[in-house]
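Residues per chain are reported as follows:
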Amino acid sequence: APAARGARDEALVDALFVVAAAMSRTPGLVSLDAFKALPPVASLRGGLPDDLSDDEIADAWAEAGLAPSAPADKTAFTRAWLALDQLYDDDLMVERSEE
């Protein structure tokens, strides 16, 4: 099987932004709810100690300079995505693919 794209792969980040923006109410922007619903994020969420929590996702959103209700443009989305990836030692997509 081909190797999974790394979370920092620019084409992957672009594609995730397009998908999340399509799931959001504001054209061209991404809501926190849409960010949480992205398959790589949703697959890691849960209630177990090693699972991704809503607080951790909200912290990544805040690290991007966003209030919970604020939609993200491409730059802020990328910052939030990379902040989330740091929680997994830059292996978010590897963790997701091992699920």
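Everything in this summary refers to the structure shown in the same document.

### Some points on the nonpolar core
And then number 1: In terms of nonpolar packing, the biggest core is built from 30 residues, with Val30, Phe35, Trp61, Phe77, Trp81, Leu84 and Leu92 touching the most fellow members.
And then number 2: Looking at this core, the elements with two or more residues in it are helix H1 (10-22), helix H2 (32-37), helix H4 (54-63), helix H5 (74-87) and helix H6 (92-98).
And then number 3: Sequence-distant contacts of leucine 84, that is, excluding residues within four places in its chain, are made with Phe35, Val41, Leu52, Glu56, Ile57, Ala60 and Leu92.

### Regarding the packing of aromatic side chains
And then number 1: Enumeration over the complete set of coordinates arrives at three aromatic pairs.
And then number 2: Here phenylalanine 17 and phenylalanine 77 contribute two aromatic rings whose centre-to-centre distance is 5.4 Å and whose plane-to-plane angle is 70°, an arrangement assigned as edge-to-face. Of this pair, phenylalanine 17 sits in helix H1 while phenylalanine 77 sits in helix H5, placing them 60 residues apart in sequence. Taken as a pair, phenylalanine 17 and phenylalanine 77 share a single burial class, namely buried.
And then number 3: Consider the rings of phenylalanine 35 and tryptophan 61, whose centres lie 5.3 Å apart with planes at 45°: the pair is tilted. Separated by 26 residues along the polypeptide, phenylalanine 35 in helix H2 and tryptophan 61 in helix H4 bring together distant segments of the chain.
And then number 4: Tryptophan 61 gets classed as buried once you look at its relative accessible area, which sits at 0%.

### A few points about the pattern of salt bridges
And then number 1: For the structure shown, the criterion picks out three salt bridges.
And then number 2: Where aspartate 85 meets arginine 8, a salt bridge forms, and the shortest distance between an N and an O atom there is 3.2 Å. With aspartate 85 in helix H5 and arginine 8 in the segment before H1, this pair connects stretches of sequence that are 77 residues apart.
And then number 3: Given the relative accessible area of 0%, aspartate 85 is considered buried.
And then number 4: For arginine 8, a relative accessible area of 42% translates into the label partly exposed.

The rules behind each value
- Residues numbered from 1 in each chain as written.
- Predicted model: local features only at pLDDT ≥ 70, side-chain atom pairs only at ≥ 80, totals over all residues.
- Heavy atoms only, no water.
- Core = buried A, V, L, I, M, F, W, Y, C linked by side-chain atoms within 4.5 Å.
- Buried < 20%, exposed > 50% of the residue type's maximum accessible area, 1.4 Å probe, protein only.
- Helix = DSSP H or I, 4+ residues; strand = E, 2+ residues; numbered from the N terminus.
- Contact = heavy atoms within 4.5 Å.
- Phe/Tyr/Trp six-rings, centres within 6.5 Å; stacked < 30°, edge-to-face > 60°.
- Salt bridge = Lys/Arg side-chain N within 4 Å of Asp/Glu carboxyl O.

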